[in-house]
Amino acid sequence: MTQAPQQLLRELMPRVLGAVVRRYGDFSAAEDAVQEALLIAATQWPTAGVPDNPRAWLIQVAARRITDHMRAESARRRRETTLVAETPEDELLLPPPDSGHEPEKDDTLLLLFMCCHPALSKTSAIALTLRAVAGLTTAEIASAFLVPEATMAQRISRAKQLIKKSGVGFVMPTESERDERLAAVLHVLYLIFNEGYAASAGDSLQRVDLSSEAIRLARAVARLLPDDGEAVGLLALMLLTDARRQARSGADGELIALDEQDRTLWNRQAIEEGVTLVSRALAQGAVGAYQLQAAIAACHDEAASTEATDWPQILALYDLLQRMSQNPMLTLNRAVAVAMVHGPRAGLELLESLDADARLAQHHRLAAVRGHLYEKVGDHLTAIAYFQAAAERTSSVPERNYLLLKAARLRERAS
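A quick note: this is a predicted structure, and the numbers were derived from the prediction, not measured.

Student: Tell me about a nonpolar patch on the surface, and name the residues and values.
Tutor: On the surface, Leu282, Val287 and Met324 cluster together to form a nonpolar patch covering roughly 230 Å² of accessible area. Mapped onto the secondary structure, Leu282 falls in helix α13 (residues 268-282).

And the structure:
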């Protein structure tokens, strides 16, 4: 195994959880058992080495934990019939961890649809799936939803309880059930990709394991629903965005802004595929938010430079998006397009509406965009103040370093 144990564990987690849920049918108990198995692996593998079949090893350890729990519950409650009692002993014993007998079945897509169960609110379903499928921390999920961590912890806990009470089976939903859950599934994949492409916290700018997994699952959903414009549009958006990944950071992992990137490093194959997909999606009829975002990404990717970018077209696409959603992040991005078309002061005026939005008023991105626009206006002292404020608010080390460097450079020019 060439992968670091921690990275491998993150990648295996949803596949192991899916296998254990499929075997035992209890999502909450399976998640607890898998978390125990992951902790044991994180302790043992760095010194003992990664097993030849790490997935089977984790499934075996998790199965033993959940079986022990079931037997303990059976004895405590004095039940006459339990899942363990009804199951023949030989079926409870998994093959040795390196035997390869555990089938390499990927249950991640099933797990994705199961977590997005209609018994849950859309927000709770998405939060639960981000934990189960992406392995994000509660803090990371809270950041994505712009809510306090304690609030998100309560949502996830309630979602687990509702899943357990619903008794939902670990099977692919029917066509009607699938359609009912699809919006939540796509939103989950969108958030997983975003966290991978621009990590909300830590020393790394990107978490390629997350963005790659999101693309893999988006491909699976698009294959399952090739005529769904939004499923295809989301895959296109991911490919067009991820195409810039190599140019987004320097040799030391530092952030490189879009207008400073070496566009020859962009992945032309991914761009071509993304453009083909979004063109196909837009031709299918009803236009959705992911298709429009993919079209915006295509405008950036097909331009030779920031100056050559079709900003009026991008602004028109943002105008269409704003009719569909009042998301404050959308308004923030639209303000940049407004500034590029009508001047930085027009962009700054649009940002004033976000000061009253509790979700974004203290967010580092709002301060960073203000700093960027004040720099374009020529008010360097105000720009410095906003860049410093943004640096204090972000939990991402590369973003913080980039913002502080911007402030330092402006300070030199102002002195």
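Student: Provide a residue-level description of helix α19 (residues 380-393), including the pertinent values.
Tutor: Here α19 spans 20 Å end to end across 14 residues, near enough to the 20 Å set by a 1.5 Å rise per residue. Those residues of α19 that sit buried are His380, Ala383, Ile384, Phe387, Ala389, Ala390 and Ala391. Packing partners of the buried residues in α19 comprise α18 (364-377) and α20 (397-414).

Student: Explain the nonpolar core to me, using residue names and the numbers behind them.
Tutor: Counting 93 residues, the largest nonpolar core has Phe27, Leu58, Leu130, Leu189, Ile192 and Val221 as the members making the most contacts within it. Excluding its chain neighbours within four sequence positions, the residues that come into contact with Leu130 are Gly135, Leu136, Ile141, Phe145, Val188, Leu191 and Ile192. Counting 25 residues, the second largest nonpolar core, distinct from the first, contains Leu292, Ala295, Cys299 and Val338.

Student: Requested: an account of the side chain of Gln322, with residues and values cited.
Tutor: Examined against the element boundaries, Gln322 turns out to sit in helix α15 (residues 311-324). For Gln322, the side chain forms a polar contact with the side chain of Arg334, separated by 3.4 Å. With sequence-adjacent residues up to four places away left out, Gln322 is seen in contact with Leu330, Thr331 and Arg334.

Student: I'd like a description of the confidence of the model for the protein, backed by residues and values.
Tutor: Detailed conclusions should not be drawn from predicted coordinates in areas where pLDDT is low. Looking at the protein, pLDDT values average 85 and 89% of them are 70 or higher. The model gives residues 78-84 a pLDDT under 50, and that stretch makes nine contacts with residues more than four places away or in other chains. For the stretch residues 89-103, pLDDT sits under 50, and the model shows 31 contacts to residues farther than four places along the chain or on other chains.

Student: Which residues make up helix α16 (residues 328-342), and what values go with them?
Tutor: Along its 15 residues, α16 runs 20 Å from first to last C-alpha, staying within 8% of the 21 Å computed at 1.5 Å per residue. All of the buried residues in α16 are Pro328, Met329, Leu330, Thr331, Leu332, Arg334, Ala335, Ala337, Val338 and Ala339. Of the surrounding secondary structure, the elements contacted by the buried residues of α16 are α15, α17 (344-351) and α18. Capping the start of α16, Asn327 holds a side-chain oxygen 2.7 Å from the backbone nitrogen of Met329, two or three residues further along. Gly343 lies just past α16 and shows a positive phi near 105°.

Student: Let's hear about the environment of Gln284: which residues, and what values?
Tutor: By the element assignment, Gln284 lies in the loop between α13 and α14 (289-301). Note on Gln284: relative accessible area 33%, which makes it partly exposed. As a C-alpha pair, Gln284 and Asp228 span 56 residues in sequence and 8.1 Å in three-dimensional space. Excluding anything up to four places from it in sequence, Gln284 contacts Pro226, Asp227, Asp228 and Gly229.

Rules behind the numbers
Residues numbered from 1 in each chain as written. Predicted model: local features only at pLDDT ≥ 70, side-chain atom pairs only at ≥ 80, totals over all residues. Heavy atoms only, no water. Patch = residues over 30% accessible without salt bridge, like charges linked within 9 Å, V, L, I, M, F, W, Y side chains within 5 Å. Areas by Shrake-Rupley, 256 points an atom, 1.4 Å probe, with all protein chains shown as cover. Salt bridge = Lys/Arg side-chain N within 4 Å of Asp/Glu carboxyl O. Helix = DSSP H or I, 4+ residues; strand = E, 2+ residues; numbered from the N terminus. Expected span 1.5 Å × (residues − 1). Buried < 20%, exposed > 50% of the residue type's maximum accessible area, 1.4 Å probe, protein only. Contact = heavy atoms within 4.5 Å. Core = buried A, V, L, I, M, F, W, Y, C linked by side-chain atoms within 4.5 Å. Polar contact = N/O pair within 3.5 Å; in protein donor to acceptor, adjacent residues only side chain to side chain. pLDDT = per-residue confidence, 0-100.

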